[in-house]
Amino acid sequence: MGARSLVLIAALAVGLVSFCFTGHPEAAWPLAQIDDYLLNILILAGINVILAVSLNIVNGHTGQFSLGHAGFMAVGAYGSAALTQLNGKACLASLSFLGSAAPLGLFVLSLLVGGLLAALAGLAVGLPSLRLKGDYLAIVTLGFGEIIRVMIQNTESLGGARGLAGIPNHTTLGWTWLVSLISIYCVGSLVNSTYGRGFLAVRDDEIAAEAMGINTTRYKVTAFVVGAFFAGLAGGLYAHFIGYVTPEGFSFLKSVDVVVMVILGGMGSTAGVTVAAIGLTFLNEALREAEQYRMVAFALLLIILMITRPQGLLGGLGGLARWLPGKGGKS
Amino acid sequence: MLELLNVTAGYGSITALHGVSLRVEKGTIVTLVGANGAGKSTTLRAISGLLPVREGKVLFEGKELTNKRPHQIVACGLAHVPEGRMIFSNLTVLENLQMGAYLRRDRAGIASDQEFVLETFPRLRERTWQQAGTLSGGEQQMLAIGRALMGRPRCLMLDEPSLGIAPLLVKTIFEKIVQVNRELGLTVLLVEQNAHLALEVSQFGYVLETGRILLSDRSEHLKTNPAVQAAYLGA
């Protein structure tokens, strides 16, 4: 699974998605025939891919341990919902120049606003807390995620503990996977750039990275902000998919879900993390019959993986060396 | 070229350096010798900004570097090869070298320096695509030195380059250090437990003991100094 095949798959998928935008879903698009249940799972899988790939910048590539991803997702979800649901009428009015495309325009705008708010939250939490390392950073990010949740829970204008209902259902399969592919592409090209090698350097050895002239604090904050931005997008998509958001939906457990995807897929492997996010979403549905015992299955899966492939599903396979042209034969 | 004036530094409530002053002249190899815990590594860490300087000054080419951030100090032309090598084990050898040129933008210069490094350390050329974590200790040390050279520093600080390396490779590495010093006119500040070897290749030496400079002299004089011989050379 090299970068090129990944890019190829991505390009194909983008073509498919754009086709679904232009074509009439009922008529030409074969996927439109799939039933609603499968459609919903595919959308959830796409959202999970965004979450996992964005957390992978922080936990995988940069080697920091964040447990607060659900917090950023919440900021994005509530931020975008605030635009389309709470202030929907006023916002639509100001976008009336778009004509019949106004609701869609507002949706895209709200996604971006949600993402930017989440990025801002990432900056706010990143600047002070990234001086910490390892377990301490995990605890701080965990605390931050909970702070966001509790703050929303106690903000009456955002619906408080009751949650926010009646968010317009704008999220479609096309939108979800378009954003997923954009996030995969952005993260992939960021990490594989000369600039991005700095993330890997920070992960491999922070002191050596400093000694190379890398501003490690800036790299860590950048990773946090970029990760939070995409988590915010995922949150916005989620809100406009479910149509109803509650603070409980963004609890610590949601963060753990994403961390599990990253670990399962292989820290630092975009392809692996994507596969794990899709796989776990489907596994979650397949095990629906088992109800509570699902958690046991996930735990067992993780234990088996740790024993058999500690580097994760595709971790190590996508090593940078393999992605470069002209790898001089055997090493 | 590099000058320390009464530098005090430490870890938490422990003071590891009690007013260290030293000078490194341009184009020379200067060594710091001393027992475990004398403050040799701490001195380098204080110079390169990895450890805050509590009192005193660090001057490099007339500019004050005291308590600048590590990445700013590297940008001034002062490279540090930390103890224990600290290469990027998940990157390839070539990528490690390229990370060394992280602050540079002159492609042609980087390419020619990369050629120089691979020329100097042929072992690295054989392994350019290998993951750096799979190199032997000596090769990792060569890589760490090569990587530091890629930043085209004017002064190189080496921390224990012989640590945990096969004796045969230690000899090679020290020959390379002398070679780089001669060919590039690179100033070297060398910290080394193997005082015998360090005094052999250097022109000037400082003897550190519990965070203080005990002695400073030309290396050939230190070698014959009875006190140094008794304490560090095992004579």
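None of the values given here were measured: they were computed from a predicted structure.

*Asks:* Break down the overall build of chain A for me, citing the residues and quoting the values.
*Replies:* Scanning chain A from terminus to terminus reveals 14 helices and 2 strands. Split into buried and exposed, the 331 residues of chain A put 51% on the buried side. Across chain A, the fraction of contacts at a sequence separation of at least 24, relative to all contacts at a separation of at least 6, is 79%. Surface exposure of chain A reaches about 14800 Å², of which carbon and sulfur atoms provide 69%.

*Asks:* Which residues make up the environment of F72 of chain A, and what values do they have?
*Replies:* All names here are of chain A. Here F72 shows up in helix 3 (residues 69–86). In the structure, F72 is positioned 73 residues away from G145 in sequence and 7.4 Å away in space, judged by C-alpha atoms. Those residues in contact with F72 that sit more than four places away from it in its chain are A118, A121, G122, V125, F144, F224, A228, A231 and G232.

*Asks:* For the pattern of salt bridges, give the residues involved together with the corresponding values.
*Replies:* Residue and element names in this part refer to chain B. One pass over the full model with this rule turns up 18 salt bridges over all chains. When the shortest N-O distance is used, the salt bridge between R23 and E25 registers 3.1 Å. With a relative accessible area of 42%, R23 lands in the partly exposed category. We note a salt bridge from D113 to R152, for which the minimum N-O separation is 2.9 Å. Of this pair, D113 sits in helix 4 (residues 107–120) while R152 sits in the loop between helix 6 (137–149) and strand 7 (155–159), and the two are 39 residues apart along the sequence.

*Asks:* Kindly report on the sheet that holds strand 4 (residues 53–60) of chain B, identifying the contributing residues and their values.
*Replies:* Remark on secondary structure: sheet strands pair via backbone hydrogen bonds, oriented parallel or antiparallel. Residue and element names in this part refer to chain B. Judged by pairing direction, the sheet is antiparallel, and its 4 strands sit side by side in the order 2-1-4-5 without closing on themselves. Two strands in the sheet have a free side with no partner beyond their single neighbour: strand 2 (14–24) and strand 5 (63–64). Bridge analysis of strand 4 against strand 5 gives 2 bridges, and the strand direction is antiparallel. Looking at strand 5, one finds that F60 is bridged to K63. Its contacts with the sheet put helix 1 (residues 40–47) on strand 1 (2–11), strand 2 and strand 4, and the angle it makes with strand 1 is roughly 110 degrees.

*Asks:* Which residues make up the nonpolar core, and what values do they have?
*Replies:* In this structure, I47, F72, I214, L237, V245 and F250 of chain A together with F88 of chain B are the most contacted members of the largest nonpolar core, which totals 85 residues. A per-element tally of this core places helix 10 (residues 216–242) of chain A first, with 14 residues. If near-sequence neighbours (up to four positions away) are discounted, I214 of chain A is found in contact with G198, A201, V202, A209 and Y219 of chain A together with H71, M99 and Y102 of chain B. Membership of the second largest hydrophobic core comes to 44 residues, among which are V33, A144, I173 and A195 of chain B.

*Asks:* Provide a residue-level description of the packing of aromatic side chains, including the pertinent values.
*Replies:* Per the counting criterion, the structure on display carries 11 aromatic pairs over all chains. On the numbers, 6.0 Å between centres and 90 degrees between planes, the contact of F72 of chain A with F224 of chain A is edge-to-face. One end of the pair, F72 of chain A, is in helix 3; the other, F224 of chain A, is in helix 10, and 152 residues separate them in sequence. Here the two residues F72 of chain A and F224 of chain A agree in accessibility, since each one is buried. The interplanar angle of 55 degrees and the centroid separation of 6.3 Å between the aromatic rings of Y219 of chain A and Y102 of chain B together place this pair among those described as tilted. Taken together, the positions of Y219 of chain A in helix 10 and Y102 of chain B in the loop between helix 3 (93–100) and helix 4 put the pair across two chains. Just as Y219 of chain A is buried, Y102 of chain B falls in that class too. These aromatic residues form a ring-pair network of at least three members: Y195, F199 and Y219 of chain A together with Y102 of chain B. Positioned above the aromatic ring of F88 of chain B, the side-chain terminus of R147 of chain B is 4.7 Å from the ring centre.

Definitions and limits used
Residues numbered from 1 in each chain as written. Chains lettered and ligands numbered in written order. Predicted model: local features only at pLDDT ≥ 70, side-chain atom pairs only at ≥ 80, totals over all residues. Heavy atoms only, no water. Helix = DSSP H or I, 4+ residues; strand = E, 2+ residues; numbered from the N terminus. Buried < 20%, exposed > 50% of the residue type's maximum accessible area, 1.4 Å probe, protein only. Contact = heavy atoms within 4.5 Å. Areas by Shrake-Rupley, 256 points an atom, 1.4 Å probe, with all protein chains shown as cover. Salt bridge = Lys/Arg side-chain N within 4 Å of Asp/Glu carboxyl O. Pairing = 2+ DSSP bridges. Axes fitted to C-alpha atoms, helices over the stretch in contact; angles between N-to-C directions. Core = buried A, V, L, I, M, F, W, Y, C linked by side-chain atoms within 4.5 Å. Phe/Tyr/Trp six-rings, centres within 6.5 Å; stacked < 30°, edge-to-face > 60°. Lys NZ or Arg CZ within 6 Å of the ring centre and 35° of its normal.

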